[in-house]
Amino acid sequence: MVDIVCIEGQKHIPLSGEVTVGGAKNASLPLLFSTLLTAQKCILSNIPDLEDILVTLKILKAFGAEYSYKDGVIDITTKKIISTTAPYGLVKSLRASFWLMGPLLARAGSAAVSLPGGDAIGTRPVDLHLKALSEFGAEFRMEHGVVYGTTPGGLRPADITLPFPSVGATHNALMTATLIPGKSVLRGVAKEPEVVDLAKFLNSLGADIQGAGTDEIYINGKKELGSATHSVIGDRIEAATYLLAGAMTAGEIVLKGIDQDSIRSTLHLLKEMGCEITNHENYIVLQGPEKLKAINFSTAPFPGVATDVQPLFLAALTIAEGVSEIKETVFESRFGHVAEYRRFGADISVDGRTAIVKGKSELSSAPVEAHDIRAAAGLVLLGLVADGTTQVREIHHLDRGYEKMESKLRNLGAKISRIPSVDFREIVFGC
Ligand code: UD1
């Protein structure tokens, strides 16, 4: 028995109206993990109501955190770390849980965290995390799928260069360095807005971090951190999703709740596809064209085109005029969604890390299955413009990354609903 989302395609009816994006999941997770670095109270607001957040809170509780969570505000304090073993049942569903390793080592001196497995978008190794943390003096061994970290001689400041700007390795190293007294430097780091948000929060806890958002971060580590209140940045991937919904239906979307600098590459691609974008101080207006144009792009670390928007743009390009070429440079196998997109009649071929999309004027609805968060959103976008009624299954993926997606799309005029706990062998036609 599974929940499914049903979408009635209405290609010729523009989606229009105002939509406010929620707090960024990918910023909320490291912020929550970093609360383990202090014994004092942390108050985080604009936290999205998502499955991944609930799992993270349960994990933190196992380490001794006490919290309340209401209306997007988490009030959390971990006076004492009562365990350093991450419960497998919880961490296995959350790949980012490996980011616990740094804060636990820094605050408690040891940690046991299960190795994240591969998933629909790639193998997700943690070698860069381990390399960085080893340079601070941590030692690791792996047994039965669990990585055990210890700090036999204590942790020491270090000057570390990441060979690739991994977002997670940057978060892990940054959190750790913050609680190692002395000067550390992190070079070749990720410049994503979520890294900047983490550094901002840590600074308000009393850390001394400079350079976040550039290639090099300078940290003057402290013995202990204090208390802080912080509001999480808006979700740039959610923002791209609603802008593309407008773009694909020739709609007019008024988008609020996002720092426009964080979505510059997305706005650039949308303009190339023929959308008109007007930037105002606190909102953006997108007007979709009658017909989208094909484009070529490669994904890249920030400020390049985010790999997380690739499945969303790929969905839109299936109905664009002309042939598009998309290169995925961040994850080695992130075209798993293509097989499901083809069920709509989309013309996409994949050769290694490149996808070629020949735009079609009509797509037809289909029963489809989501395999990861952004692929799930891509399927919803396709359902909005395909002829007939689309059923998207495995939508727990959607719930991991999108807060109130159906109601937000309904407010824009979409015909989308959720059917709870359906035995899908009984669904033959429609919803
Ligand atoms: C984060 C985001 C994810 C996004 C990704 C890239 C969260 C919760 N997740 O994931 O949505 O798609 O950034 O922007 O914020 N790599 C290694 N060794 C490592 C670590 C990474 O080889 O130790 C490789 C990965 O396999 C991948 C690339 O580096 O090919 C980028 O990964 P990374 O930036 O670390 O992604 P995440 O932090 O896992």
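About the thresholds
Residues numbered from 1 in each chain as written. Predicted model: local features only at pLDDT ≥ 70, side-chain atom pairs only at ≥ 80, totals over all residues. Heavy atoms only, no water. Helix = DSSP H or I, 4+ residues; strand = E, 2+ residues; numbered from the N terminus. Rg over C-alpha atoms; globule rule 2.2 N^0.38 Å. Buried < 20%, exposed > 50% of the residue type's maximum accessible area, 1.4 Å probe, protein only. Contact = heavy atoms within 4.5 Å. Axes fitted to C-alpha atoms, helices over the stretch in contact; angles between N-to-C directions. Parallel < 35°, antiparallel > 145°, perpendicular 65-115°, else oblique. Nonpolar A, V, L, I, M, F, W, Y, C, P; charged D, E, K, R; others polar. Near = heavy atom within 4 Å. Polar contact = N/O pair within 3.5 Å; in protein donor to acceptor, adjacent residues only side chain to side chain. Areas by Shrake-Rupley, 256 points an atom, 1.4 Å probe, with all protein chains shown as cover. Domains from an automatic or database assignment. Salt bridge = Lys/Arg side-chain N within 4 Å of Asp/Glu carboxyl O. Pairing = 2+ DSSP bridges. Expected span 1.5 Å × (residues − 1).

Student: Which residues make up the overall build of the chain, and what values go with them?
Tutor: Helix and strand content of the chain: 14 helices and 23 strands. Taking 2.2 N^0.38 as the reference for a compact globule, 431 residues should give roughly 22 Å; the C-alpha atoms of the chain span a radius of gyration of 22 Å, in line with that estimate. Principal-axis analysis of the C-alpha atoms places the extent of the chain at approximately 65 × 45 × 40 Å. Taking all 431 residues of the chain together, the buried fraction comes to 55%. For the chain, restricting intrachain contacts to residue pairs at least 6 apart in sequence, the fraction spanning at least 24 positions comes to 71%.

Student: An account of the packing of helix α1 (residues 25-34) against helix α2 (residues 51-62) is needed here, citing residue identities and associated values.
Tutor: Viewed as axis vectors pointing N to C, α1 and α2 meet at an angle of 5°, and their least axial separation amounts to 10 Å. In terms of their interaxial angle, α1 and α2 are classed as roughly parallel. Residues K25, S28, L29, L32 and F33 of α1 touch α2, and the partners they reach there are D52, I53, T56, L57 and L60. A breakdown of the residues in the contact of α1 with α2 according to their chemical character gives 6 nonpolar, 2 polar and 2 charged.

Student: A description of the site of the ligand should follow, citing residues and the corresponding values.
Tutor: Neighbouring residues of the ligand: 18 residues in total, closest D127, L128, S166, D308 and V330. In the environment of the ligand, an oxygen atom lies 2.8 Å from a nitrogen or oxygen atom belonging to the backbone of G168. For the ligand, whose free accessible area comes to 740 Å², the fraction covered by protein is 84%. Mapped by element, the contributors of at least two residues to the shell around the ligand are α5 (127-135) and α6 (167-178). Examining the composition of the shell around the ligand, we find that 3 residues originate from one element, α5, more than from any other. A breakdown of the residues in the shell around the ligand according to their chemical character gives 9 nonpolar, 5 polar and 4 charged. Taken together, domain 1 (2-22 + 234-421) and domain 2 (25-231) each give at least three residues to the shell around the ligand, which thus spans both.

Student: Just give me the short version of the pattern of salt bridges, but keep the residues and values in it.
Tutor: Within this structure, the stated rule accounts for 19 salt bridges. When the shortest N-O distance is used, the salt bridge between K191 and D215 registers 3.2 Å. Of this pair, K191 sits in the loop between β10 (182-187) and α7 (193-204) while D215 sits in the loop between β11 (208-210) and β12 (216-221), and the two are 24 residues apart along the sequence. The closest approach of N and O atoms between R264 and D261, which form a salt bridge, is 2.9 Å. Among the ionic contacts, a cluster of salt bridges with common partners joins D3, D399, E406 and R418.

Student: Run through the sheet that holds strand β5 (residues 73-77), naming residues and quoting values.
Tutor: The strand order across the open sheet built from 4 strands is β4-β5-β3-β13, with neighbouring strands paired in mixed fashion. The open sheet has two edge strands with one neighbour each: β4 (66-70) and β13 (228-231). This sheet shows a mean twist of 10° between the axes of neighbouring strands, independent of strand direction. Two elements, β4 and β5, share 5 bridges in a ladder whose sense is antiparallel. Following the sheet pairing, E66 is matched in β5 by T77.

Student: Give me the sheet that holds strand β7 (residues 139-143): which residues, what numbers.
Tutor: Taking strand neighbours across the sheet as the criterion, the 3 strands line up as β6-β8-β7 in an open arrangement whose pairing is antiparallel. On the outer flanks of this sheet lie β6 (110-114) and β7, each paired with one strand and no other. On average, each strand axis in the sheet is inclined to that of its neighbour by 20°, with strand direction left out of account. Sheet topology note: the β7/strand β8 (residues 146-150) ladder contains 5 bridges and is antiparallel. By the bridge assignment, F140 is partnered in β8 with G149. Sheet strands touched by helix α4 (residues 101-108): β6, β7 and β8. Its angle to β6, the strand with the most contacts, is close to 160°.

Student: Please provide a residue-by-residue account of α6, values included.
Tutor: Between the first and last C-alpha of α6 there are 17 Å, a value that for 12 residues agrees with the 16 Å anticipated at 1.5 Å per step. Counted residue by residue, α6 has 11 buried out of 12 residues, so it is predominantly covered. Regarding α6, the residues found buried are G168, A169, T170, H171, N172, A173, L174, M175, T176, A177 and T178. Of the residues flanking the start of α6, the one acting as N-cap is S166, its side-chain oxygen 3.4 Å from the backbone nitrogen of G168.

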